[in-house]
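Secondary and tertiary structure notes
The lines below spell out each chain.
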Amino acid sequence: VDAGVGTRAHHFVLEFTATLDVPTAGEWTFVVGSDDSSWLWIDDELLVRNEALAPHRRRDGTRSLSQGPHTLRVLFAQAEGGASLEVLWRGPGQELAPLPKERAR
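The structure contained in this document is the topic of the report that follows. (Residues numbered from 1 in each chain as written. Predicted model: local features only at pLDDT ≥ 70, side-chain atom pairs only at ≥ 80, totals over all residues. Heavy atoms only, no water.)

Throughout the structure, instances matching the rule amount to 6 salt bridges. Three or more residues are tied together by salt bridges with common partners; here these are D43, E45 and R63. (Salt bridge = Lys/Arg side-chain N within 4 Å of Asp/Glu carboxyl O.)

Laid out in structure tokens, this is it:
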């Protein structure tokens, strides 16, 4: 999940979908940082809304998840200026860190 895969400098939207493998049941917090807007859904439920035409900033949401597979969807919209996107998570036994590729396929 990275804004760098965009093929234009400005005025584009990216959508990322994956199966998220949650290692441990419990409360999981997802943090999405972006310049400009971004959204994150878990199992088709909007969890993080980070809407603005603004410099990079973070928003988060927390949800109880069972161990195992869950649907992940991230949408990113870029207008003008800088473009950045990050997705981090924190949960049982997991400090805040970027979402690892091997957990979202």
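Before going further, it helps to spend a moment on the environment of I42. With respect to the secondary-structure elements, I42 resides in strand β3 (residues 37-42). Sequence separation of I42 and R63 is 21 residues, and the distance between their C-alpha atoms is 8.7 Å. Those residues within four positions of I42 in sequence are excluded, and the remaining contacts are L20, F30, L47, R63, L65, H70, T71 and L72. (Helix = DSSP H or I, 4+ residues; strand = E, 2+ residues; numbered from the N terminus. Contact = heavy atoms within 4.5 Å.)

With antiparallel pairing, 4 strands are arranged side by side in an open sheet as β5-β2-β7-β8. Taken across any chain shown, the strands that pair with only one partner, and hence form the sheet edges, are β5 (57-65) and β8 (94-98). Going from strand to strand, the sheet's axes swing by 15° on average, the running direction of each strand aside. The pairing of strand β2 (residues 26-35) with β5 spans 9 bridges and is classified as antiparallel. Residue pairing across strands places T29 opposite T62, the latter belonging to β5. (Pairing = 2+ DSSP bridges. Axes fitted to C-alpha atoms, helices over the stretch in contact; angles between N-to-C directions.)

This part is about the pairing of β3. Of all 6 residues in β3, 6 are buried; the element is thus mostly enclosed. Side-chain alternation along β3 places S37, W39 and W41 on one buried face and S38, L40 and I42 on a second face that is also buried. Pairing geometry for β3 and strand β6 (residues 68-78), over 6 bridges, is antiparallel. What sits directly across from L40, in β6, is V74. (Buried < 20%, exposed > 50% of the residue type's maximum accessible area, 1.4 Å probe, protein only.)

A word on the environment of G61. Locating G61 in the fold gives a position in strand β5. With a relative accessible area of 8%, G61 lands in the buried category. For the pair formed by G61 and V32, sequence separation is 29 residues and the distance between their alpha carbons is 8.9 Å. In contact with G61, other than residues within four places in its own chain, are W28, T29, F30, L47 and V48.

Positioned with a positive phi, D43 is a non-glycine residue whose angle comes to about 50°. By the element assignment, D43 lies in the loop between β3 and β4 (45-50). Unlike most non-glycine residues, D44 shows phi in positive territory, near 65°. As for its position among the elements, D44 is in the loop between β3 and β4. The exposed category is assigned to D44, whose relative accessible area is 71%.

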